[in-house]
Each structure stands twice: as structure tokens, then as C-alpha cells.
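Summary of structural features
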Amino acid sequence: MEDKRIKELYRALERLGQAGEVVNAYGGAEGDAQNSDGSVLMEFIEYIDEHYPGEKPAWMEAFCQVFMWQYNSIYEGVAVYYTNFYGFSDSHRIAVAADFLRNSGYGAIAQQFTAGIADCGQREAGLSEKEETAAQVNAYKRYLEEKGEIAKQIDAWINWNTEPVWEFYFDILEEHKREMLK
């Protein structure tokens, strides 16, 4: 059975492209904040989470990781992303995305994306919620001590270069449209 939801997401993506909009992970459409299609990136993330749980193809993992990277940067700063504060950006996922960006012609994004990589570590099993939160806060503090200046530079780059990141999202989704519409 064909999935109407994914078709509508691709129609929204097409309308945004035709309108010349730039869309970011946090604020939606930059040219027209009221554009109802502006949430399409978040909707793609939700669709992917629902339909592709677990290990994802490299292109899809890169899409998800760049989205989380940009979203965290705009909302709280990239240190949150690189320390895997919310459990979505472990070192394996970051490495898959970095390799994909480097090997797929997204050099400018790859350069910024890889500049902030640190030992994100894995979340420890068996910790209480309080212990896990304390561990994440400590990891965040260590990251800022070690890479705080680089994180500020990456945040600035992300905020001033939304267009190439949008082009990455748009291109990768269009390139894999047939796969997604199966």
C-alpha cells in the first residue's frame, strides 16, 4: 500500500524548492515563517523514526544527524549534540554521517561537522536517571572545556550558512525519493 504521508512530504519539499525557500531544522522556512510547509524537515525526521527504527542506510543517518546537529546548534549549541546529551548522536552515528558527508560532495558541511567531534561515548547501561543526567552534564562541561571555542565557531557557521545545509537536505531527499516512496 502506498504511503500518502511520504508523498505529501515530497510535495511539500517540491513546493519549498519551487518557492526558493531555505528551511532550517529549528525555525522552518526562513523567507516565510508562516509557510505551512516549513516543518517538512521535522516531519521527515518523524517519518524516518517511525518507519526506519534501528540501523539506517548511511544517507538516511547523515540526514538525521545533520538535522540534529543543526537543530541543537540553533536551540542549545552544538556541544549538546557532540556530547550525545539526548542519546541521538553517539559516536557511531556521527562517524557514519561524517563519512557520508565527506564522500558525497558536501565538503563545506563535512568540515564544520567533523571539527566538533569529540569522544562522545556511549550512554552507560544501568544508571539511574539522576546518575545519567549527572554523567551527561559532566560530559557537556568537559566538552566545553576542551572544544568550547570550536563549538562557538561551528554554531556561528551553522547560523550563517543555512542555505548549504538546506541544499544538503533537499538534494539527499530528492536523490533517495524512489527509495522512500517504495
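Going by the structure above, here's the rest.
Conventions adopted
Residues numbered from 1 in each chain as written. Predicted model: local features only at pLDDT ≥ 70, side-chain atom pairs only at ≥ 80, totals over all residues. Heavy atoms only, no water. Helix = DSSP H or I, 4+ residues; strand = E, 2+ residues; numbered from the N terminus. Expected span 1.5 Å × (residues − 1). Buried < 20%, exposed > 50% of the residue type's maximum accessible area, 1.4 Å probe, protein only. Arc of directions from axis to C-beta. Contact = heavy atoms within 4.5 Å. Salt bridge = Lys/Arg side-chain N within 4 Å of Asp/Glu carboxyl O.

A look at helix α2 (residues 40–51)
With 12 residues, α2 should cover 16 Å at 1.5 Å per step; its first-to-last C-alpha distance of 16 Å lies within 8% of that length. Where α2 is concerned, the buried positions are Val 40, Leu 41, Phe 44, Ile 45, Tyr 47 and Ile 48. Around the axis of α2, the buried residues are gathered within 165 degrees of arc, so they sit on the same side. In this structure, the buried side of α2 is in contact with α1 (4–19), β1 (23–24), α3 (58–75), α8 (162–175) and α9 (177–181).

As for the pattern of salt bridges
Following the criterion strictly, the structure yields 7 salt bridges and no others. Among the salt bridges present, the one from Glu 50 reaches Arg 5, with a minimum N-O distance of 2.9 Å. Here Glu 50, found in helix α2, pairs with Arg 5, found in helix α1; they are 45 residues apart in sequence, far enough to count as distant. Overall, Arg 5 belongs to the partly exposed group, its relative accessible area being 31%. Among the ionic pairs, Lys 152 bridges to Glu 149, the shortest N-O distance being 3.3 Å. With Lys 152 and Glu 149 both in helix α7 (residues 129–160) and 3 residues apart, the pair spans about one turn of that helix. When its relative accessible area of 53% is taken as the criterion, Glu 149 is described as exposed. Connected through salt bridges with shared partners, the residues Glu 8, Arg 11, Arg 15 and Asp 37 form a single ionic network.

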